[in-house]
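Given next are the chains, with one letter for each unit.
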Amino acid sequence: QVQLVESGGGLVQAGGSLRLSCAASGRTFSRYGMGWLRQAPGKEREFVAVINGSGGNKVYADSVKGRFTISRDNAKNMVYLQMNSLKPEDTAVYYCAAGYGRRVNDYVYWGQGTQVTVSS
């Protein structure tokens, strides 16, 4: 089992940057792909980015491509999401999750989420 705890959310102006972190427990962390998904008020949870276990393969949603970067440090059991050029439409609760794919059902373990608010 993997336990996940996100941090780094907050309030930022449009055009600004934030770095989200996800701390994972468990000795099998490197076996899991890790993703970031988000849920805005009144909307369904959606895929943002995913990275495979070795860190060699990354996939992004079209809406964040070129602005967000996912990375991981397997020695520290950490996953990161660097978010640049933030837009108001990026406002959401961001979740770290273990799994691989573009669908919510592709993920088996979830963190509690961290709020990101982008003001215009």
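Scroll up to find the structure.
Rules used in this analysis
Residues numbered from 1 in each chain as written. Predicted model: local features only at pLDDT ≥ 70, side-chain atom pairs only at ≥ 80, totals over all residues. Heavy atoms only, no water. Pairing = 2+ DSSP bridges. Helix = DSSP H or I, 4+ residues; strand = E, 2+ residues; numbered from the N terminus. Axes fitted to C-alpha atoms, helices over the stretch in contact; angles between N-to-C directions. Polar contact = N/O pair within 3.5 Å; in protein donor to acceptor, adjacent residues only side chain to side chain. Contact = heavy atoms within 4.5 Å. Salt bridge = Lys/Arg side-chain N within 4 Å of Asp/Glu carboxyl O. Buried < 20%, exposed > 50% of the residue type's maximum accessible area, 1.4 Å probe, protein only.

1. Brief notes about the sheet that holds strand 8 (residues 78-83)
Link 1 in the chain: In spatial order, the strands read 1-3-8-7; together these four strands make up an open sheet with antiparallel pairing. Each edge of the open sheet is held by one strand with a lone partner, namely strand 1 (4-7) and strand 7 (68-73). When the angles between neighbouring strand axes are averaged without regard to direction, this sheet yields 15°.
Link 2 in the chain: Bridge count between strand 7 and strand 8: six bridges; the pairing is antiparallel. When the bridges of strand 8 are listed, Ser71 appears paired with Tyr80.

2. Comments concerning the side chain of Asp90
Link 1 in the chain: Looking at the element boundaries, Asp90 is found in the loop between strand 8 and strand 9 (92-99).
Link 2 in the chain: For Asp90, the side chain forms a polar contact with the side chain of Arg67, separated by 2.8 Å.
Link 3 in the chain: Those residues in contact with Asp90 that sit more than four places away from it in its chain are Arg38, Arg67, Phe68, Ser85, Val116 and Val118.

3. Some details on the pattern of salt bridges
Link 1 in the chain: What the rule picks out here adds up to five salt bridges.
Link 2 in the chain: A salt bridge links Arg38 to Glu46; its shortest N-O distance comes to 2.7 Å.
Link 3 in the chain: For Arg38, a relative accessible area of 5% translates into the label buried.
Link 4 in the chain: Across the pair Arg103 and Asp106 runs a salt bridge whose closest N-O atoms are separated by 2.8 Å.
Link 5 in the chain: Counted as one network, the salt bridges with shared partners bring together Arg38, Glu46, Arg67 and Asp90.

By themselves, these are just geometric observations and shouldn't be taken as functional.
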